Structures are given as structure tokens and as C-alpha cells.
Amino acid sequence: MMRFYFLVAALLVTFASHAQSSSQSNFSSKLIGLGVVVSDLERSLDFYVDGIGMVKVNSFAIDENFSKRSGLSNGVPTSVTVLKLEDSPEANEWKLMTFGKKATHPKQKFIQDDTGVQYITINVKALKPVIERLKQKNVPFLGSTPTPLNQNLYFVLVQDPDGTFIELIGPME
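Residues numbered from 1 in each chain as written. Predicted model: local features only at pLDDT ≥ 70, side-chain atom pairs only at ≥ 80, totals over all residues. Heavy atoms only, no water.

Caption draft 1: Inspection of the environment of Ser-39 at higher detail. Residue position: Ser-39 is located in the loop between strand 1 (33-38) and helix 2 (41-52). Along the backbone, Ser-39 and Leu-96 are 57 residues apart, and their C-alpha atoms lie at a distance of 9.9 Å. Here Ser-39 is in contact with Thr-98, Gly-100, Lys-101, Lys-102 and Asp-162, once residues within four sequence places are set aside. (Helix = DSSP H or I, 4+ residues; strand = E, 2+ residues; numbered from the N terminus. Contact = heavy atoms within 4.5 Å.)

Next comes the structure, spelled out in C-alpha cells:
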């Protein structure tokens, strides 16, 4: 019986030390916001909001002075449109901005064609309505999608208007 109490005590100490080290994170938020430069903001908003189903939650301007002082650009102003999967403080931010020019590299056919952020994964409650919206927008589906992952989940791959790959994963209905 004494061994059992020592085992329980050891487990509690281990759990407490793990909980303490987790709470001593260097980060003030568990979220990541990703800024994406797009060639055509309206076209990208149509894809992400009306096609994928994201929601527009905010927008803000970056003026010439801040742009230069912060190192974001050489003084070129822009505005940022913030999208999320849901309007919630716990949802990551997908921040779209444009400088009104097209990419200087060719559009990738596969994720290995370039470096940097190539794709994002979005888990959905039902793929069928997303697929229908994207088909209405004539968004091409890549590979043999929807591809079954198991008996309940499917995988769909598309690209946004600027070539970022979007993985959609979820049940069909």
C-alpha cells in the first residue's frame, strides 16, 4: 500500500512540475497570426470568405511612417484585412494585404516547387458545402480529391488565387 502512495505522489509531483513549466511560456498568446501578401485583395477575399467560409473580423491601415520605421517596407503604406475561421479571440488570424502587384515567381504546381509557407490546413465540419462553393467559383481541385483519409475524413486540395495551397480536411457531410 505504501508503494501505491509513493507512486501517486511521484505522479503528482511530475504533473505539477510539467504544469508549472508549461505556464512559464515565453509567449503572451497561444495564437499565430499569419500575414499574406496577395496580388488582388478583392479576389482573395472572395476566395477566402465566400469560397472557404472564413469571416472578416477587422482591418487596419499601416501608414508610410510606421511601415518604414518598423521595417515592414521601405515606406509603402498598405491596409490589412484580418480573416478568421470564426469571430473568436481563440481563432488564429489570416491577415491579407496587397501592394497591387503580381508575384515575381511562377505559380507552384506542387508544394515542393518553392520554399517558405506553401500551404495551410483547415479542418471543417463538412466538406460538401465548401466543395460546392468552390466549384461555383470555378476553383480547380488538385489531385484526385476528395481523397479518403479514413472511413470518416476526406482531404481536398485547392490553391488560392496567388497559389497558396489550401488543405481542407473533414467529413463529407
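The discussion continues.
Caption draft 2: Region of interest: the sheet that holds strand 7 (residues 154-159). Ordered by their spatial adjacency, 4 strands build an open sheet running 5-8-7-6, and the pairing between neighbours is mixed. Both edges of this open sheet fall to strand 5 (119-123) and strand 6 (142-148), since each of them pairs with a single strand only. Each strand of the sheet is rotated relative to its neighbour by a mean of 20 degrees, with strand direction disregarded. In this sheet, strand 8 (residues 165-170) lies alongside strand 7 in antiparallel orientation, the contact comprising 6 bridges. (Pairing = 2+ DSSP bridges. Axes fitted to C-alpha atoms, helices over the stretch in contact; angles between N-to-C directions.)

Caption draft 3: A look at helix 2. Regarding helix 2, the residues found buried are Leu-41, Ser-44, Leu-45, Phe-47, Tyr-48, Gly-51 and Ile-52. With a side-chain oxygen lying 3.1 Å from the backbone nitrogen of Glu-42, the N-terminal cap of helix 2 falls on Asp-40. Just past helix 2, the residue Gly-53 takes up positive phi, approximately 110 degrees. (Buried < 20%, exposed > 50% of the residue type's maximum accessible area, 1.4 Å probe, protein only. Polar contact = N/O pair within 3.5 Å; in protein donor to acceptor, adjacent residues only side chain to side chain.)

Caption draft 4: Up close: the nonpolar core. Of all hydrophobic cores here, the largest spans 23 residues; its most connected members are Tyr-48, Ile-52, Leu-96, Ile-166 and Leu-168. When contributions to this core are tallied by element, the ones reaching two or more residues are strand 1, helix 2, strand 4 (93-98), strand 5, helix 4 (127-136), strand 7 and strand 8. Not counting the four nearest positions on each side in its chain, Tyr-48 is found in contact with Gly-53, Met-54, Leu-83, Trp-94, Leu-96, Asp-160, Thr-164 and Ile-166. (Core = buried A, V, L, I, M, F, W, Y, C linked by side-chain atoms within 4.5 Å.)

Caption draft 5: Looking closely at the confidence of the model for the protein chain. Averaged over the protein chain, the pLDDT score is 88; the fraction of residues at 70 or greater is 87%. Contacts of residues 1-17 to residues separated by more than four positions or lying in other chains number 0 contacts, the stretch itself having pLDDT below 50. (pLDDT = per-residue confidence, 0-100.)

Caption draft 6: Up close: the sheet that holds strand 2 (residues 55-62). The strand order across the open sheet built from 4 strands is 1-4-3-2, with neighbouring strands paired in mixed fashion. Across the chains shown, the open sheet's two edge strands, defined by having one partner strand only, are strand 1 and strand 2. Averaged over all pairs of adjacent strands, the angle between strand axes in this sheet comes to 25 degrees, irrespective of strand direction. Pairing analysis gives 7 bridges linking strand 2 to strand 3 (residues 78-84), with the strands arranged antiparallel. Each bridged residue has a counterpart across the sheet, and for Ser-59 the counterpart in strand 3 is Thr-81. Here helix 2 sits on the sheet in contact with strand 1, strand 3 and strand 4, set at roughly 155 degrees to strand 4.

Caption draft 7: Quick look at the layout of surface pockets. Estimated volume of the largest pocket: approximately 450 Å³. Around the largest pocket, the lining is made up of 22 residues, and of these Val-36, Val-37, Ala-103, His-105 and Asp-162 lie nearest the centre. The element best represented in the lining of the largest pocket is strand 1, accounting for 5 residues. By residue class, the composition of the lining of the largest pocket is 8 nonpolar, 10 polar and 4 charged. Surrounding the second largest pocket, 13 residues form its lining, Leu-85, Ile-122, Asn-123, Val-124 and Lys-125 being those nearest its centre. (1 Å grid on protein atoms, 1.4 Å probe; cavity = no way out; pocket = protein on both sides within 12 Å on 5 of 7 lines; lining within 4 Å. Points joined across faces, edges and corners; volume = space filled by probe spheres on them. Nonpolar A, V, L, I, M, F, W, Y, C, P; charged D, E, K, R; others polar.)

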